Amino acid sequence: MVPLDFKSLHTIPDSHEWNKSTVVDDPNTIEPIPVVDLNDPNAVSLIRHSCEKWGVILIINHGVPMDIVKELELQTYELFSLPSETKARALRSEGSLFGYGLHRVAPFFPKLLWSEGFTMSGSPMEHAAKLWPHQPDQLTNFCAVMEEYQKEMKKLSGKLMELMLESLGLTLEDVEWFKPKNGTDRAQSMLQLNSYPTCPDPDRAMGLAPHTDSSILTILHQSISGGLQIHEDGIGWIPVHSVPGSLVVNVGDFLHILSNGQYKSPYHRAIVNNTHHRISVAFFYVPPSDVKNGPLKKLIDDDHPPLYTPVTWAEYLQKKSYLDVKPKQAY
Ligand SMILES: C=C1C[C@]23C[C@H]1CC[C@H]2[C@@]12CCC[C@@](C)(C(=O)O1)[C@H]2[C@@H]3C(=O)O
Ligand SMILES: O=C(O)CCC(=O)C(=O)O
Ligand SMILES: [Fe+2]
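Thresholds applied
- All residue numbers here refer to positions counted from 1 along the written sequence of the relevant chain.
- All chains are assigned letters beginning with A, and all ligands numbers beginning with 1, in the order in which they are written.
- Under the rules for a predicted model, residues below a pLDDT of 70 receive no local features and side-chain atom pairs below 80 are neither given nor counted, while totals for whole chains, interfaces and linings still include all residues.
- To obtain the side-chain values, all non-hydrogen atoms of the structure were included, while hydrogens and water were left out.
- UniProt positions are given in the numbering used here, feature names are shortened, and annotations may be inferred rather than shown by experiment.
- Between any two strands, at least two bridges found by DSSP are needed for them to pair.
- The numbering of helices and of strands both runs from the N terminus, where a helix is a DSSP run of H or I of at least 4 residues and a strand a run of E of at least 2.
- Angular values range over 0 to 180 degrees, each being the angle between N-to-C directions of two axes fitted as lines to C-alpha atoms, with helices fitted over their stretch in contact.
- In the sections that follow, a salt bridge refers to a side-chain nitrogen of Lys or Arg positioned within 4 Å of a carboxyl oxygen of Asp or Glu.
- The classification of residues rests on relative accessible area computed with a 1.4 Å probe and restricted to protein chains. Under 20% of the type maximum is buried, over 50% is exposed, and intermediate values are partly exposed.
- Here, the term nonpolar core denotes a set of buried Ala, Val, Leu, Ile, Met, Phe, Trp, Tyr and Cys residues that are joined through side-chain atoms within 4.5 Å.
- The contact definition used throughout considers only heavy atoms, calling two residues in contact when any of these lie within 4.5 Å.
- Whether a residue is near a molecule or strand is decided by its heavy atoms; if any one of them lies within 4 Å of it, the residue is near.
- Here a polar contact is taken to be a pair of N or O atoms separated by no more than 3.5 Å, where protein atoms must pair a possible hydrogen donor with a possible acceptor and residues adjacent in sequence count only if both atoms sit in side chains.
- The Shrake-Rupley method, run with a 1.4 Å probe sphere, supplies the accessible areas, and residue values consider only the shown protein chains as cover.
- Note that Gly is not counted as nonpolar here; it falls among the polar residues with everything else outside the nonpolar set of Ala, Val, Leu, Ile, Met, Phe, Trp, Tyr, Cys and Pro and the charged set of Asp, Glu, Lys and Arg.
- Put simply, two rings from Phe, Tyr or Trp (the six-membered ring, in Trp's case) pair if the centres are within 6.5 Å, and we call them stacked under 30 degrees between planes, edge-to-face over 60, tilted for the rest.
- Consider the ring centre and the ring normal. A charge sits over the ring if Lys NZ or Arg CZ is within 6 Å of that centre and within 35 degrees of that normal.

The protein chain goes by gibberellin 3beta-dioxygenase in an unreviewed UniProt entry, where it is assigned to Lupinus luteus. Regarding the protein chain, the UniProt comment filed under Cofactor (unreviewed entry) reads as follows: "L-ascorbate". As its UniProt record puts it under Sequence similarities (unreviewed entry), the protein chain is described as follows: "Belongs to the iron/ascorbate-dependent oxidoreductase family. GA3OX subfamily."

Given below as structure tokens:
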């Protein structure tokens, strides 16, 4: 299924109309999400506190050059500003994770989403070539920027993984598949470009439906702050406002599993607005497809029995129902 040509719509079609009460929420307590300076010696304890409480941190001094982030934003807008027929040429084929299209969560919900996405892992050339068949410079630029940003994200996710493990009292050595084989760790990664076009009636549309990420951790850049929300029991939907230059980092289902439930994999969603076309870019740091991951051994003892049976990423993704609110045992 192809995403709608949102630009041509002045009202919300029935297919995309969510209940206002489902979309709008007025939380009465809002505690700001902690900002962690990665150069601060207290970073580790702040990370631990926030990952237990929210499953989300904002990071600054992350070492990613801002001009690369700006380029990433420009190229993402270039892609989503293309005519619908052009984007449809790069449609994700069935069974594949990569290319242009609806979000993977979409089929789990009765109503469609006010968004479109483009997923890649490494070079996006295969699908991008279908978007710009006659503009070699644009094609080269797009691919170069996407690859450069992913290189930065890989560096940063290694650093974050180390800090996250340290905050659990562990090291990279405690993750069996992390040990460098042939000079690299065996983690996988995916880059997801998200587009949320301006919406004529934002209270009745959903940008990205509530979900948890199937990653170890996710690093998110948002073009405009406001849109991302996390759900807290007893409070409701809480906006995650980023500060200029910061990136949002959230715990994914696999860090929740590795930490034996100690770190929260936050249930989150993105809402839309009627003034700006918002984009976001999520980098998913993912375990190898074929290695079973369960709670890390050092976190298990008589008082802390394992809450999860080891599962591979491929098995997990296949069984995951995005309607299960908490990351659950898939079977
Ligand atoms: C590496 C991943 C993570 C995926 C599946 C696969 C490729 C695309 C990812 C997303 C990206 C957008 C949100 C999400 C919920 C979706 O709809 O597709 C993600 C999903 C997940 O985190 O489960
Ligand atoms: O756009 C956002 O703020 C959220 C994106 C997201 O949750 C995702 O890509 O998994
Ligand atoms: Fe997400």
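### Details of the sheet that holds strand 8 (residues 228–232)
On the basis of which strands lie adjacent, the open sheet formed by 4 strands has the order 6-11-8-9 and antiparallel pairing. Only two strands of the sheet have a single neighbouring strand rather than two, namely strand 6 (208–211) and strand 9 (236–239). Strand after strand, the sheet turns through a mean of 25 degrees between neighbouring axes, direction not considered. Strand direction decides the pairing type here: strand 8 and strand 11 (residues 268–270), joined by 3 bridges, are antiparallel. Following the sheet pairing, Gln 229 is matched in strand 11 by Arg 269.

### Focus: the pattern of salt bridges
Any two side chains of opposite charge can pair, so long as their charged atoms come close to each other. Counted under the stated rule, the structure contains 13 salt bridges. Note that Lys 87 is salt-bridged to Glu 116, the shortest N-O span being 3.0 Å. Of the two residues, Lys 87 is situated in helix 4 (residues 84–88) and Glu 116 in strand 4 (residues 116–120); the sequence distance between them amounts to 29 residues. Each member of the pair Lys 87 and Glu 116 is classed as buried.

### Focus: the nonpolar core
Core analysis: the biggest nonpolar cluster contains 98 residues, and Ile 59, Phe 118, Phe 142, Tyr 149, Leu 156, Leu 193 and Ile 219 have the highest contact counts within it. For this core, the element with the highest residue contribution is helix 6 (residues 136–167), accounting for 13 residues. Leave out the neighbours within four places in its chain, and Ile 59 touches Val 36, Leu 38, Leu 156, Leu 160, Gly 245, Ser 246, Leu 247 and Val 249.

### A look at the site of ligand 2
In the vicinity of ligand 2, 13 residues are found, and the nearest of them are Asn 194, Tyr 196, His 268, Arg 278 and Ser 280. One of the side-chain nitrogen or oxygen atoms of Arg 278 is found 2.7 Å away from an oxygen atom of ligand 2. At 2.7 Å from an oxygen atom of ligand 2 is found a side-chain nitrogen or oxygen belonging to Ser 280. Protein contact buries 96% of the 300 Å² of open area that ligand 2 shows by itself. Element by element, the count of residues in the shell around ligand 2 is highest for strand 12 (residues 278–286), at 4 residues. Across the shell around ligand 2, the residue classes tally to 7 nonpolar, 4 polar and 2 charged.

### Notes on the UniProt feature "domain: Fe2OG dioxygenase" (unreviewed entry) in the protein chain
As recorded in UniProt, the sites labelled "domain: Fe2OG dioxygenase" (unreviewed entry) are residues 186–287. As annotated, residues 186–287 has a helix share of 6% and a strand share of 44%, and its two end C-alpha atoms lie 7 Å apart.

### Quick notes on the packing of aromatic side chains
All chains considered together, the criterion is met by 8 aromatic pairs. Ring plane angle 70 degrees and centroid distance 5.2 Å describe the contact between Phe 254 and Tyr 316, whose orientation is recorded as edge-to-face. Of this pair, Phe 254 sits in helix 7 (residues 253–258) while Tyr 316 is found in helix 8 (residues 313–319), placing the two residues 62 residues apart along the sequence. For Phe 254, a relative accessible area of 0% corresponds to the buried category. A relative accessible area of 4% means that Tyr 316 is categorised as buried. Every member of this aromatic cluster is reached through a ring pair, and the members are Phe 118, Trp 132 and Phe 142. Over the ring of Trp 54 we find Lys 53; its NZ or CZ atom is 4.9 Å from the centre of that ring.

### A look at the environment of Ile 257
Inspection of the secondary structure assignment puts Ile 257 in helix 7. Judged by relative accessible area, Ile 257 falls into the buried class, the value being 4%. For the pair formed by Ile 257 and Ile 219, sequence separation is 38 residues and the distance between their alpha carbons is 18 Å. In this structure, Ile 257 is in contact with Asn 293, Gly 294, Pro 295, Tyr 308, Val 311 and Tyr 316, ignoring residues within four places of it in sequence.

### Regarding the site of ligand 1
In the region of ligand 1, the neighbouring residues are His 103, Arg 104, Val 105, Met 190, Gln 192, His 211, Asp 213, Ser 214, Phe 284, Trp 313, Lys 320 and Tyr 322. Contact between ligand 1 and Val 105: an oxygen atom at 3.0 Å from a main-chain N or O atom of the residue. Within the side chain of Tyr 322, a nitrogen or oxygen atom sits 2.4 Å from an oxygen atom of ligand 1. Isolated, ligand 1 exposes 440 Å² of accessible area, and the fraction of that covered by the protein chains is 97%. Residue composition of the shell around ligand 1, grouped by class: 5 nonpolar, 4 polar and 3 charged.

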